Amino acid sequence: MNTDPIADYLTRIRNAIRAKHRVVEIPASNIKKEITKVLFDKGFIQNYKFDETGPQGSIKIALKYNPVTKQPAIVDLQRVSRPGLRQYKGATDIPRIFNGLGVAIVSTSKGVMTDKEARTLNVGGEVLCYVY
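By the naming in an unreviewed UniProt entry, the chain is Small ribosomal subunit protein uS8, taken from Larkinella bovis. According to the UniProt record, the Function (unreviewed entry) comment for the chain is "One of the primary rRNA binding proteins, it binds directly to 16S rRNA central domain where it helps coordinate assembly of the platform of the 30S subunit." Turning to the chain, the UniProt annotation filed under Sequence similarities (unreviewed entry) states: "Belongs to the universal ribosomal protein uS8 family."

## A look at the sheet that holds strand S3 (residues 58–63)
Two strands in a sheet stick together by hydrogen bonds in their backbones, pointing the same way (parallel) or opposite ways (antiparallel). Reading across the sheet, the 3 strands line up as S1-S3-S2 and stay open at both edges, with antiparallel pairing between neighbours. Only two strands of the sheet have a single partner each, and these edge strands are strand S1 (23–27) and strand S2 (45–51). With direction set aside, neighbouring strand axes in the sheet form an average angle of 20 degrees. Bridge analysis of S1 against S3 gives 5 bridges, and the strand direction is antiparallel. In the strand pairing of S3, Ile26 is matched with Ile59. Helix H1 (residues 5–18) rests against S1 and S3 of the sheet, and its axis sits at about 165 degrees to S1. Against the sheet, helix H2 (residues 30–41) contacts S1, S2 and S3, and its axis sits at roughly 155 degrees relative to S2.

Rules and cut-offs
- Residues numbered from 1 in each chain as written.
- Predicted model: local features only at pLDDT ≥ 70, side-chain atom pairs only at ≥ 80, totals over all residues.
- Heavy atoms only, no water.
- UniProt positions renumbered as here; feature names shortened; annotations may be inferred.
- Pairing = 2+ DSSP bridges.
- Helix = DSSP H or I, 4+ residues; strand = E, 2+ residues; numbered from the N terminus.
- Axes fitted to C-alpha atoms, helices over the stretch in contact; angles between N-to-C directions.
- Contact = heavy atoms within 4.5 Å.

Here it is in structure tokens:
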């Protein structure tokens, strides 16, 4: 049993990047699917596929690397809110990551979105993670 599935999701991606893997497979859940969509929309991953076989299903993520330097598109993933200490922020208090170069993924009442989208819609929520 995993007590923090989002931390496990981020750790699997982080480990796959450090090992220079092209594809990483992660057990699926609705929140993980939404985070994956945000990562794809912001250009941090190359592609993704939801596989619905089995009781839980899985997510296959194709990681993105620079073709010349072989550097990954994701430099770091940081879990912010965790089961032991939830981090909720209002629309005006959501932090900017690397002065707008990074992304804070926020779970709001209107769905999972980036910090910039949350500020635009004027909604706050739980800050799940930082990606840069």
